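Here is what each chain is made of, one letter per residue.
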Amino acid sequence: MTQTAEARCESIIGLEIHVQLATRTKMFCGCALVYGAEPNTHVCPVCLGLPGSLPVINERAVELAIRAGLALNCRISEETRWDRKSYNYPDLPKNYQISQYDLPIAFDGVVEFEVSEVHRRIRIRRAHLEEDAGKNTHDLPGRTLVDLNRAGTPLLEIVTEPDFRSAAEVREFAVQLQRIVRYLGVSEANMQQGQMRFEPNINLRIAEGDRVAVTPIVEVKNLNSFRALHDAVEFELADQLRRWREDGRTLRPGNKSNRGWDDLRGVTVPQREKEEADDYRYFPDPDLTPLPIARERVERMREEMPELPIPRTARFVAEYKLPPRDAPALADDRASADLLDQAKDLGGEPSILGRHFLSFWLMHANARETTIAGLGVSGERIAELAKLQHDGAVNATAAAQIAEAMLTDEAPPRTLAERLGLLQTRDSSAIAGWVEQALAANAQAVHDARENPKKLAAARGFLVGQVMKLSGGKADPRIVGELLDARLRRPE
Ligand SMILES: [Zn+2]
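The present account deals with the structure reproduced in this document. (Residues numbered from 1 in each chain as written. Predicted model: local features only at pLDDT ≥ 70, side-chain atom pairs only at ≥ 80, totals over all residues. Heavy atoms only, no water.)

1. Notes on the overall build of the protein
- Scanning the protein from terminus to terminus reveals 17 helices and 18 strands.
- Scaling as 2.2 N^0.38, a compact globule of 492 residues should have a C-alpha radius of gyration of about 23 Å, whereas the protein reaches 31 Å, well beyond that.
- Out of the 492 residues belonging to the protein, those deemed buried represent 48%.
- Sequence separation of 24 or more characterises 69% of the internal contacts of the protein that already satisfy a separation of 6 or more.
- For the protein, the exposed surface amounts to about 24500 Å²; the carbon and sulfur share of it is 51%.
- Taken together, the 65 basic and 74 acidic charged side chains of the protein have centroids lying 3 Å from each other. (Helix = DSSP H or I, 4+ residues; strand = E, 2+ residues; numbered from the N terminus. Rg over C-alpha atoms; globule rule 2.2 N^0.38 Å. Buried < 20%, exposed > 50% of the residue type's maximum accessible area, 1.4 Å probe, protein only. Contact = heavy atoms within 4.5 Å. Areas by Shrake-Rupley, 256 points an atom, 1.4 Å probe, with all protein chains shown as cover. Lys, Arg positive; Asp, Glu negative; His and termini not counted. Charge placed at Lys NZ, Arg CZ, Asp CG, Glu CD.)

2. What to know about the pairing of strand β12 (residues 196-208)
- When you tally the buried positions in β12, you get 12 out of 13 residues, the bulk of the element.
- By the bridge criterion, 13 bridges tie strand β2 (residues 7-20) to β12 in an arrangement that is antiparallel. When the sheet's bridge partners are listed, S11 is paired in β12 with L204.
- Bridge analysis of β12 against strand β14 (residues 218-220) gives two bridges, and the strand direction is antiparallel. Residue pairing in the sheet places I202 in a bridge with V218 of β14.
- Pairing between β12 and strand β13 (residues 211-214): four bridges, direction antiparallel. Bridge pairing links I206 to A213 in β13.
- The antiparallel hairpin formed by β12 and β13 contains two residues in its connecting segment, where G209 sits at a positive phi of about 60°. (Pairing = 2+ DSSP bridges.)

3. Considerations on the nonpolar core
- Residues I17, L129, I158, F173 and F198 are the most contacted members of the largest nonpolar core, which totals 77 residues.
- In terms of nonpolar packing, the next biggest core, distinct from the first, is built from 38 residues, A337, W361, I382 and M406 among them. (Core = buried A, V, L, I, M, F, W, Y, C linked by side-chain atoms within 4.5 Å.)

4. Description of helix α17 (residues 477-489)
- With 13 residues, α17 should cover 18 Å at 1.5 Å per step; its first-to-last C-alpha distance of 18 Å lies within 8% of that length.
- Every buried residue of α17 is listed here: I479, V480, G481, L484, R487 and L488.
- In this structure, the buried residues of α17 make contact with α14 (428-441), α15 (443-451) and α16 (453-470).
- A distance of 2.9 Å separates the backbone nitrogen of R478 from a side-chain oxygen at the start of α17, and that oxygen is part of D476. (Expected span 1.5 Å × (residues − 1). Polar contact = N/O pair within 3.5 Å; in protein donor to acceptor, adjacent residues only side chain to side chain.)

5. Notes on the coordination of the zinc ion
- Every protein donor of the zinc ion is listed here as C29 (SG), C31 (SG), C44 (SG) and C47 (SG), and their distances to the metal cover 2.3 to 2.4 Å.
- For the zinc ion, the four donor atoms in the first shell make angles of 102 to 113° at the metal, a pattern classed as tetrahedral.
- Every donor residue of the zinc ion comes from the same chain, spaced as C-x1-C-x12-C-x2-C. Here C44 lies in the loop between β2 and α1 (45-48) and C31 lies in the loop between β2 and α1, a separation of 13 residues in the sequence.
- The exposure class assigned to C44 is buried, which follows from its relative accessible area of 18%. (Donors = N, O, S within 2.8 Å, 3.2 Å for Na, K, Ca; no water. Tetrahedral: all angles 85-135°; square planar, octahedral: opposite > 155°, others 65-115°.)

6. Concerning the packing of aromatic side chains
- Evaluated as defined, the whole model comprises nine aromatic pairs.
- Seen in terms of ring centroids, F198 and F226 are 6.0 Å apart; in terms of plane orientation they differ by 35°. Their pairing is tilted. Here the residue F198 occupies a position in strand β12, and F226 occupies one in helix α4 (residues 226-247), the gap between them amounting to 28 residues. Considered together, F198 and F226 belong to a single accessibility category, that of buried residues.
- A centroid spacing of 5.1 Å and a plane angle of 90° characterise the contact between F316 and Y320, whose relative ring orientation is edge-to-face. Considered together, F316 and Y320 belong to a single accessibility category, that of buried residues. (Phe/Tyr/Trp six-rings, centres within 6.5 Å; stacked < 30°, edge-to-face > 60°.)

7. Re the sheet that holds strand β17 (residues 283-284)
- If you trace the three strands from one edge of the open sheet to the other, you get β6-β5-β17, paired in antiparallel fashion. Taken across any chain shown, the strands that pair with only one partner, and hence form the sheet edges, are β6 (96-99) and β17.

8. Looking at the packing of helix α7 (residues 309-319) against helix α9 (residues 334-345)
- The N-to-C vectors of α7 and α9 enclose an angle of 35°; their axes lie 13 Å apart at closest approach. At the point where α7 passes α9, the crossing takes the left-handed sense. Packed against α7, whose contacting residues are R312, R315, F316 and E319, the element α9 presents R334, A337, D338, L340, D341 and K344 at the interface.
- Along the lines of polarity and charge, the residues of the contact of α7 with α9 split into three nonpolar, no polar and seven charged. (Axes fitted to C-alpha atoms, helices over the stretch in contact; angles between N-to-C directions. Left-handed = near helix turned anticlockwise from the far one by under 90°. Nonpolar A, V, L, I, M, F, W, Y, C, P; charged D, E, K, R; others polar.)

9. Brief notes about the packing of helix α10 (residues 350-367) against helix α11 (residues 379-390)
- In the contact formed by α10 and α11, the axes pass within 10 Å of each other and the chain directions differ by 115°. The angle between the axes of α10 and α11 places the two elements in the roughly perpendicular class. Handedness of the crossing formed by α10 with α11: right-handed. Across the interface between the two elements, I352, L353, R355, H356, F357, F360 and W361 from α10 touch I382, L385, A386, Q389 and H390 from α11. (Parallel < 35°, antiparallel > 145°, perpendicular 65-115°, else oblique.)

10. Points about α16
- With 18 residues, α16 extends 26 Å between its outermost C-alpha atoms, agreeing within 8% with the 26 Å of an ideal straight helix rising 1.5 Å per residue.
- When α16 is considered as a whole, its buried residues turn out to be A459, L463, V464, V467 and M468.
- The elements touched by buried residues of α16 are α14, α15 and α17.
- The positive-phi residue at the C-terminal boundary of α16 is G472, with phi of around 70°.

Here it is, written out as structure tokens:
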């Protein structure tokens, strides 16, 4: 609820997302999916809808749709059906789109996530398969050209319940959904290439005095960035209150409308009125038989599901002590996240591994424009380096130097540490010798540490530094501290 001078408004927002499935070929024919190809070079009688051609279901698209459905905690239909939806635009010349009307492949799901540390739970109404239309282009003045390379591209349309209460929640959900579909290889979800497109539907419940009004639902079409999605919802929420004050219109059957997003002006603009489902005249596609989906297949896929990005990130924060802001960078690349878990299972201390991954391993990966897994360093060697530091054989700075050497040298990390002269000395008698030297050379600091409690900390720090310097940086700082403290307590 947001409070204005005299009205209390509750935002009611649902979201439809079109996700392009990562298949090599189209939904119902063998045409390749190639972004940016010469217009109309990837078309055939099926995707052109020529008479006598018969569609064949792309089994890979069905597999990816089930995988996405499971990740969204949906129920999976035991039988899914194909329907024709009337479509009278030149970018789909067969005059219908194959979609799924009353038997979507997945339904009744839920996604849980956090927004600004508040737990949110968004219900998924359904997710169904359909084919994309082609693309109209307006490159020639006064003419519209049609490129049908995209016609027949497999899409998964995901529809949420109107459970969002703010633009920030909608945006965060979209970000999480992109992580999930990429992680599972369901979609590349590249928004510049239109592989993920958003259509929020928005209205307001306004309470003013003892009067309650609900504004007409507006669907904003075809948003293809997180920012546009957020800004369009934000604008529409504010503008609906303004429009309602002006015209008093409230929700009635049939007065849902479509608007587009004008990115330059930052406003939504009216579009053609939305057809009701009746106008689409859905009917079962006579060329495609209903597709049964075996329970055992779904259960097998459910068991094979990896830990998903949202819970994995939360675990990484707890287990590897990663800052919550940085954790997704490690959790989102599945192979690198698996490598981190593997190094931990091989005995690497988790918080040291977390720091190694976030600092130098990630840095080297970025510098080489690859992932941490792409660096080709094994989990065993990554674990061994973390163990060296945990055992006090090397310090954090040395670990970073050894890591760099590990990228080009297959020798074990301990061997590299020796070769680079980075192993720390834990030999107490050697360290005691350096302590005596430091005490003898710095009488003033010793005096301060013993006699003046206010100067103790500074004097002690200085003396530790002197011992480290005498050892060439190799003394184990913990042992230096212990020996030094014992000597400072003892009178001359
Ligand atoms: Zn084709």
